[in-house]
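What the coordinates show
The lines below spell out each chain.
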Amino acid sequence: MHTWYEQAVFYHIYPLGLLGAEKANTLTETAHRLTELKSWIPHISDLNGSAIYIGPLFESCTHGYDTKDFRLVDRRLGSNEDFARFVRLCHENGIRVVVDGVFNHTGREFFAFQDIREKREASPYKDWYRGVNFGWESPLGDPFGYEAWQGHFELPCLNLWNPEVRQYLFDSIQFWVDNFNIDGIRLDCANVLDFGFMKELREKTSAMKPDFWLMGEVIHGEYNRWVNPEMLHSVTNYELHKALYSGHNDHNYFEIAHNVRRLEAVGRSLYTFVDNHDEDRIASKLNNLVNLFPVYQLLFTLPGIPSVYYGSEWGIEGKRSRTSDEVLRPALNLSDMHEKAPELASHIAALGKIHTENDAFHNGSYKELLLTNRQYAFSRSGEHGTVISAVNNDEQPASISIPLPCAASDVVSLLPGEIPFSLENGRLSVTLPANGGAIFKLQEV
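Quick look at the structure, then. Position numbers for residues count from 1 along each chain, tracking the sequence in the order it is written. Residues qualify for local features only when their pLDDT is at least 70, as the model is predicted, and side-chain atom pairs are given and counted only at 80 or more; totals for whole chains, interfaces and linings, by contrast, use all residues. Side-chain calculation: all heavy atoms of the structure are included, whereas hydrogens and water are not.

1. Considerations on unusual backbone geometry
For the bond running from Gly-55 to Pro-56, omega is -5 degrees, close enough to zero to count as cis. Going along the chain from the N terminus, every DSSP run of H or I of four or more residues is numbered as a helix, and every run of E of two or more is numbered as a strand. With respect to the element layout, Pro-56 can be found in the loop between strand E2 (51–54) and strand E3 (58–60). Positive phi, normally seen in glycine, also occurs at Asn-48, with a value near 65 degrees. Locating Asn-48 in the fold gives a position in the loop between helix H2 (40–46) and E2.

2. Side note on helix H12 (residues 342–357)
Relative to the 22 Å expected for 16 residues at 1.5 Å per residue, H12 spans 22 Å between its end C-alpha atoms, a close match to the ideal helical length. In this scheme, a residue with accessible area under 20% of its type's maximum is buried, one over 50% is exposed, and one in between is partly exposed, where area comes from a 1.4 Å probe on protein chains only. When H12 is considered as a whole, its buried residues turn out to be Leu-344, Ala-345, His-347, Ile-348, Ala-349, Ala-350, Leu-351, Gly-352, Ile-354 and His-355. Here the buried face of H12 lies against H2, helix H10 (292–301), strand E12 (305–309) and strand E20 (436–444). Here a helix's expected span is defined as the number of its residues, less one, multiplied by 1.5 Å. We call two residues in contact when some of their heavy atoms are within 4.5 Å.

3. Comments concerning the nonpolar core
In terms of nonpolar packing, the biggest core is built from 128 residues, with Phe-83, Tyr-296 and Tyr-376 touching the most fellow members. When residues in this core are grouped by element, the largest group, eight residues, is from helix H5 (residues 163–180). The term nonpolar core refers to a set of buried residues drawn from Ala, Val, Leu, Ile, Met, Phe, Trp, Tyr and Cys, joined through side-chain atoms within 4.5 Å. Of all hydrophobic cores here, the second largest spans 17 residues; its members include Leu-370, Ala-390, Ile-402 and Leu-432.

4. Structural notes on the sheet that holds strand E16 (residues 398–403)
Here a strand pair is declared whenever DSSP counts at least two bridges between the two strands. With respect to topology, three strands assemble into an open sheet ordered E16-E19-E18, the strand pairing being antiparallel. The open sheet has two edge strands with one neighbour each: E16 and strand E18 (421–424). Between one strand axis and the next, the sheet turns by 20 degrees as a mean value, whatever way the strands run. Alignment of E16 against strand E19 (residues 427–432), held across six bridges, turns out to be antiparallel. Counted as the bridge partner of Pro-403 is Arg-427 from E19. With axes taken as lines fitted to C-alpha atoms, and helix axes fitted only over the stretch in contact, angles between N-to-C directions fall between 0 and 180 degrees.

5. Some points on the side chain of Asn-25
As for its placement among the helices and strands, Asn-25 is situated in the loop between helix H1 (15–18) and H2. Here the side chain of Asn-25 touches Glu-59 through a polar contact of 3.3 Å, side chain to side chain. Every residue in contact with Asn-25, bar those within four places of it in the chain, is listed here: Glu-59, Ser-60, Cys-61, Asp-74, Arg-75 and Arg-76. Two N or O atoms count as a polar contact when they lie within 3.5 Å, although within protein this holds only if one can serve as hydrogen donor and the other as acceptor, and sequence-adjacent residues are included solely when both atoms are side-chain atoms.

6. What to know about the packing of H10 against H12
The packing of two helices is summarised by the inter-axis angle and the distance between the axes. Between H10 and H12, the shortest axis-to-axis distance is 10 Å and the interhelical angle comes to 20 degrees. Classified by the angle their axes make, H10 and H12 are roughly parallel. Considering only the axes of H10 and H12, their crossing is right-handed. Across the interface between the two elements, Leu-292, Phe-293, Tyr-296, Gln-297 and Phe-300 of H10 pack against Glu-343, Leu-344, His-347, Ile-348, Leu-351, Gly-352 and His-355 of H12. Note on terminology: angles under 35 degrees are roughly parallel, angles over 145 are roughly antiparallel, angles of 65 to 115 are roughly perpendicular, and the others are oblique. For a crossing to be left-handed, the near helix must be turned anticlockwise from the far one by less than a right angle; the clockwise case is right-handed.

If you want it as structure tokens, here you go:
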């Protein structure tokens, strides 16, 4: 049996952006914007999404990662009851919910930081942060110095070696499980978190909920340092994310295939994506927008757990500036979006269905079958059969002959539309559309 997360198709929501929240949290009353997410649940189901990664969620001062209160939903989004109701609705519709866990740092309005500001050496929380030094002032006028995330002094780093800090965070997660019934956590800045903390986190959360999923934000490095039976179930596959757009822009499928081979040992459990709240939209990265179709086919058929970032199913664009990510996190009205790029949304929905219905994509083995600069075919095999995925990033249709990975009496084309193909002498001959692809299920002998 596969776990829910091995089978999942994720939909990624940055709620402060999607729901048009104020940039600075100066509200005195709670805004109940989370109720607007109710209408997105059928849309996510239509895309064959089975899990949502939503965050950051908890009370913060600005962008959500400067946490003020780990046990309170950001008032710009709604109340704790609003979010509990949203998770309940998701679960009723067969959709799991994963939230952001920002455990590397807090905002300066977090109670422990405020207590040190007030009481200095007398504060019981003086060891809750890294590098606290009462011999100098921070650049923001705090009466002590401290380590800050990447030098951003509005984000003081928590001391995760302090057992009290760890226990506070574990108790907060228990609070989220008890009150919101969440299904997992995406660990912000997992690449700089203490490994001992993450090992203990795995133990604690597995005891809270046996199928609780831990996914870490890791950009560079050997992913299996984090993804293993003792620590995290998954991390963000930034390597494949980069290869997916540059491999199409440069007409170089070798880059993608090399990346998949390199990551094969851990790649089946990695969280795969083509854009997110920190990265330019895929439609702004591609030189030729028609390549959105093969890009998404690879996202859904290569090893990994695929994720679609809200709005990108309609091909919306967005490029970050040197000073702001806001354009990557726009407010969207669902009723306005359905007129935009319906072919792409339909394509993603079809890929979601194929991914969900074929266990070959749920941790199934991978085998490269054909590779040129502009054409690429591979198989995925699971307990219930083998599927071939083939893509073409040429501006002309491409006729290719793919060696079958196993004996087959017939093949069935899974994507909508007519794709000319024939089966002969252990090979599948197919004419792939320009900047497109085909997916076949083998009827094995």
